[in-house]
Amino acid sequence: MESAAERPENLGGSLPVPNVQDLAGRPDDLTPTILRRYLRADPTSTTNIDQVNDGIIPVVDLGRLVAGDEEEASKLRQACEEWGFFQVVNHGISDDTVEEMKRDVTAFFNLPLAAKSAFAQRPGWIEGYGQAFVTSDDQTLDWSDIFFLATQPPSYRDLRFWPPEDGQLITFRRSVERYSAATQRVAGDLLAAMAFNLGLRDAGDMTCLAAAQSMRMNYYPPCPSPAARDRVLGVSPHSDAVGLTLLLQVSPTVAGLQIRRPDGGGGGGWMGVDPIAGALVANAGDVIEVLTNGRYKSIEHRAVVDATRERVSVAAFHSATFGSTYAPLHEMVGDGGVPKYRSITVEDYVRLVVSSKLDGKNIMDAMKVN
Ligand SMILES: O=C(O)CCC(=O)C(=O)O
Ligand SMILES: [Fe+2]
């Protein structure tokens, strides 16, 4: 593994858009012209969920996995091969660490707009408070705000975006720091178990994907317009353009995450991933699909907006550090086999992702060798 080089300056950014929490708080000002930017062609309400399959997303016990339990390893293998999504329980992150993270991310979004704006995105990069992946003025926007931070390794942090200890959120930095280190450890453990399942000689070929971490904190207010409620989406369908994602559903009773079964199972509909108390949702990102040459696939997912209640989530994205290269692993391609994806430096990969819309598996399409 190369050293964790600093982030290059020119990786791209997102166009500025209205603050959705602010819009949702001023229903009388929500004109059709403003709302039009958020409306989807098809209804998006949760009645759209394929209820038949609900509740069967695999659950993996990390304690048992790390202890070498074969049954658990085979559950993980099946989850990776057939689902790309699973919930992680017994992950060893203390309740305090999780609760403090939940408390402080909620406190952040509850700050007045002017206070949050001190941490707003700046032109040319996606860190900070705002919205990502807005590449044109006419694209349909997500009904959410995000607060995005580079969290690991510590040298990647830009503390200008981290609410300081002497401000309104005195514990925010400590909570994110602790939660970040804990989720990074979980990601490393899961990637090591995947490497074992894949029969890789060097687990480092997978665990390098836990070397860097960024956090996307998502805020989804309800949409106050009854006419528009059924036509907005919290996050557009996408697969995560990273190695491994660990998602914390902060609001224990407000569901919103939905996945599309890889095989189009259940009629190709969306399936809800309901919050399990204390669990993290794990999913393989596009980079795992590249490294495994398609053996493990990243899965499309989206977030819907609740009709009446706000929802908060925290996605911890794990990737390799700058200075590395993503390419199908030789052991996965096999002698005489054909790599399905091209190789790309982490820098160029990030440039590709940041300049793209969040749109299904578009990054994988761009990575395919034709
Ligand atoms: O909020 C969620 O449940 C999903 C968020 C998500 O997909 C993301 O941040 O990449
Ligand atoms: Fe995602």
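Structure first, text after, so check above.
Criteria and cut-off values
- Residues numbered from 1 in each chain as written.
- Chains lettered and ligands numbered in written order.
- Predicted model: local features only at pLDDT ≥ 70, side-chain atom pairs only at ≥ 80, totals over all residues.
- Heavy atoms only, no water.
- Near = heavy atom within 4 Å.
- Polar contact = N/O pair within 3.5 Å; in protein donor to acceptor, adjacent residues only side chain to side chain.
- Areas by Shrake-Rupley, 256 points an atom, 1.4 Å probe, with all protein chains shown as cover.
- Helix = DSSP H or I, 4+ residues; strand = E, 2+ residues; numbered from the N terminus.
- Nonpolar A, V, L, I, M, F, W, Y, C, P; charged D, E, K, R; others polar.
- Expected span 1.5 Å × (residues − 1).
- Buried < 20%, exposed > 50% of the residue type's maximum accessible area, 1.4 Å probe, protein only.
- Donors = N, O, S within 2.8 Å, 3.2 Å for Na, K, Ca; no water.
- Axes fitted to C-alpha atoms, helices over the stretch in contact; angles between N-to-C directions.
- Parallel < 35°, antiparallel > 145°, perpendicular 65-115°, else oblique.
- Left-handed = near helix turned anticlockwise from the far one by under 90°.
- Contact = heavy atoms within 4.5 Å.
- Pairing = 2+ DSSP bridges.

Topic: the site of ligand 1
- As a matter of local geometry, ligand 1 sits amid Arg 216, Asn 218, Tyr 220, His 238, Asp 240, Leu 247, Leu 257, His 301, Arg 311, Ser 313, Ala 315 and Phe 317.
- Separating an oxygen atom of ligand 1 from a side-chain N or O atom of Arg 216 is a distance of 3.3 Å.
- Contact between ligand 1 and Tyr 220: an oxygen atom at 2.6 Å from a side-chain N or O atom of the residue.
- In the complex, the protein chains occlude 97% of the 290 Å² of accessible area that ligand 1 would expose alone.
- Those elements giving two or more residues to the shell around ligand 1 turn out to be strand S5 (212-220) and strand S12 (311-319).
- Broken down by element, the residue count for the shell around ligand 1 peaks at 4 residues, all from S12.
- For the shell around ligand 1, the per-class residue count stands at 5 nonpolar, 4 polar and 3 charged.

Observations concerning helix H5 (residues 95-110)
- Here H5 contains 16 residues, and its C-alpha end-to-end distance of 22 Å stays within 8% of the 22 Å for a straight helix at 1.5 Å per residue.
- Among the residues of H5, those classed as buried are Thr 97, Val 98, Glu 100, Met 101, Lys 102, Asp 104, Val 105, Phe 108 and Phe 109.

Looking at the coordination of the iron ion (ligand 2)
- Donor atoms from the polypeptide that bind the iron ion (ligand 2) are His 238 (NE2), Asp 240 (OD) and His 301 (NE2), placed at 2.1 to 2.2 Å.
- For the iron ion (ligand 2), the donor residues sit on a single chain with the sequence spacing H-x1-D-x60-H. Per residue, the accessibility class of His 238 equals that of Asp 240, and both read buried.

Observations concerning unusual backbone geometry
- Residue Pro 153 is bonded to the preceding Gln 152 through a cis peptide linkage, with omega at -10°.
- Looking at where Pro 153 falls in the secondary structure, it is placed in the loop between strand S4 (145-152) and helix H7 (172-198).
- For Asn 293, which is not a glycine, the phi torsion comes out positive at approximately 55°.
- In this structure, Asn 293 sits in the loop between helix H10 (286-291) and strand S11 (301-303).

Observations concerning the packing of H5 against H7
- H7 packs onto H5 with a crossing angle of 130° between their chain directions and a minimal axis gap of 9 Å. It follows that H5 is oblique to H7 by the angle criterion. Every pair of crossing elements has a handedness; the one defined by H5 and H7 is left-handed. Where H5 approaches H7, its residues Thr 97, Glu 100, Met 101, Arg 103, Asp 104 and Phe 108 are matched on the opposing element by Phe 172, Arg 174, Ser 175, Val 176, Arg 178, Tyr 179 and Ala 182.
- Of the residues assigned to the contact of H5 with H7, the class counts are 6 nonpolar, 2 polar and 5 charged.

Some points on the sheet that holds strand S6 (residues 235-238)
- Taken together, 4 strands build an open sheet; the order of strands is S6-S11-S8-S9 and the sheet is antiparallel. Edge strands, defined here as strands with exactly one partner in the open sheet, are S6 and strand S9 (270-272). Each strand of the sheet is rotated relative to its neighbour by a mean of 25°, with strand direction disregarded.
- Note: strand S8 (residues 257-260) against S9, 3 bridges, orientation antiparallel. Paired with Arg 260 across the strands is Trp 270, a residue of S9.

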